[in-house]
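Okay, here's what each chain looks like letter by letter:
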Amino acid sequence: MECVLRQWRIEDKKDLAEILNNRRILDNLRDGIPYPYTEKDAVEFIESNLSADKAKTFAFAITVEDKVVGSIGVFRCGNIHFRTAELGYYIREDYWGKGYGTSAVKQMCKYIFENTDIIRIFAEPFAYNTASCRALEKSGFKLEGTLRSNAVKNGKVLDMKMYALIKE
């Protein structure tokens, strides 16, 4: 079954809150996401994405049969990097290992390259997140290197991987 990317809707708040109340998902994301994650937090996230600058923020719900199973976003960088953007995504745990992450990444990158002037999309997963690294590789991203001791998450100093996909 294929996933579909679509605009966020306020009624997605329940699914989003359920997804982000999973510590195993939060452990793979940057800090700043509240825990516990409430439906009110979800509404604020959805509203901020719907009102974001459409030339800089490209954020979509990942859905299967119109049920939200994750989130994906591409965020344009600034200054001399204005044609570069960072990719971030997550999938609810019971949908892991079924190809939805790879499918969402491929769809998003195709959309960005066909509809914007962005020429480089990069992602920086934690080095231990082999599933995310594999999804990026299956989507055509190239490993550019390991960013050693690049982040502190849950009190641990962690390496991150730098992946990029260049518009052909």
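Being a predicted model, the structure only gives us computed values, none of them experimental. (Residues numbered from 1 in each chain as written. Predicted model: local features only at pLDDT ≥ 70, side-chain atom pairs only at ≥ 80, totals over all residues. Heavy atoms only, no water.)

### Description of the overall build of the protein chain
Moving on, step 1. Of regular secondary structure, the protein chain possesses five helices and seven strands.
Moving on, step 2. When the helices and strands of the protein chain are placed in sequence order, the string is β-α-α-α-β-β-β-α-β-α-β-β.
Moving on, step 3. Referenced to the eigenvectors of the C-alpha coordinate spread, the extents of the protein chain come out at roughly 40 × 35 × 35 Å.
Moving on, step 4. Sorting the 168 residues of the protein chain into buried and exposed places 46% on the buried side.
Moving on, step 5. Residue pairs in contact within the protein chain that sit at least 24 positions apart in sequence constitute 62% of those at least 6 positions apart.
Moving on, step 6. Counting 26 positive and 24 negative side-chain charges, the protein chain places the averaged centre of each group 4 Å from the other. (Helix = DSSP H or I, 4+ residues; strand = E, 2+ residues; numbered from the N terminus. Buried < 20%, exposed > 50% of the residue type's maximum accessible area, 1.4 Å probe, protein only. Contact = heavy atoms within 4.5 Å. Lys, Arg positive; Asp, Glu negative; His and termini not counted. Charge placed at Lys NZ, Arg CZ, Asp CG, Glu CD.)

### Quick look at the environment of Arg92
Moving on, step 1. As for its placement among the helices and strands, Arg92 is situated in the loop between strand S4 (84-91) and helix H4 (100-115).
Moving on, step 2. Take Arg92: its relative accessible area is 9%, and that puts it in the buried class.
Moving on, step 3. Arg92 has contacts with Glu18, Ile19, Ile25, Lys67, Val68 and Val69, leaving out every residue within four places of it along the chain.
Moving on, step 4. A polar atom in the side chain of Arg92 sits 2.4 Å from the side chain of Glu18.
Moving on, step 5. At 2.7 Å, the side chain of Arg92 forms a polar contact with the side chain of Asp94. (Polar contact = N/O pair within 3.5 Å; in protein donor to acceptor, adjacent residues only side chain to side chain.)

### A short note on the sheet that holds strand S7 (residues 156-166)
Moving on, step 1. Taking strand neighbours across the sheet as the criterion, the seven strands line up as S1-S2-S3-S4-S5-S7-S6 in an open arrangement whose pairing is mixed. The open sheet has two free edges, formed respectively by strand S1 (4-6) and strand S6 (142-153), since each of these has just one partner strand. For this sheet, the mean inter-axis angle between neighbouring strands, taken without regard to orientation, is 30°.
Moving on, step 2. Along the sheet, helix H1 (residues 13-20) makes contact with strand S3 (67-76) and S4, crossing S3 at roughly 80°. (Pairing = 2+ DSSP bridges. Axes fitted to C-alpha atoms, helices over the stretch in contact; angles between N-to-C directions.)

### Things to note about the pairing of S6
Taken residue by residue, a regular strand's side chains alternate between the two faces of the sheet.
Moving on, step 1. Two strands pair when backbone bridges link them, and S6 and S7 are joined in this way by eight bridges, in the antiparallel orientation. Note on S7: the bridge partner recorded for Val152 is Val157.
Moving on, step 2. Where S6 folds back on S7, the antiparallel hairpin that results is connected by two residues, among which Asn154 adopts a positive phi of roughly 55°.

### Quick word on unusual backbone geometry
If a residue is not glycine, its phi is most likely negative; likewise, a peptide bond is most likely trans.
Moving on, step 1. Of note, the bond from Tyr35 into Pro36 is cis; its omega dihedral lies within 30 degrees of zero at 0°.
Moving on, step 2. Within the chain, Ser149 stands out as a residue other than glycine whose phi angle is a positive 45°.
Moving on, step 3. Following the sequence through the fold, Ser149 ends up in strand S6.
Moving on, step 4. With a relative accessible area of 54%, Ser149 lands in the exposed category.
Moving on, step 5. For Asn154, which is not glycine, the phi torsion reads 55° and is therefore positive.
Moving on, step 6. Mapped onto the elements of the fold, Asn154 is located in the loop between S6 and S7.

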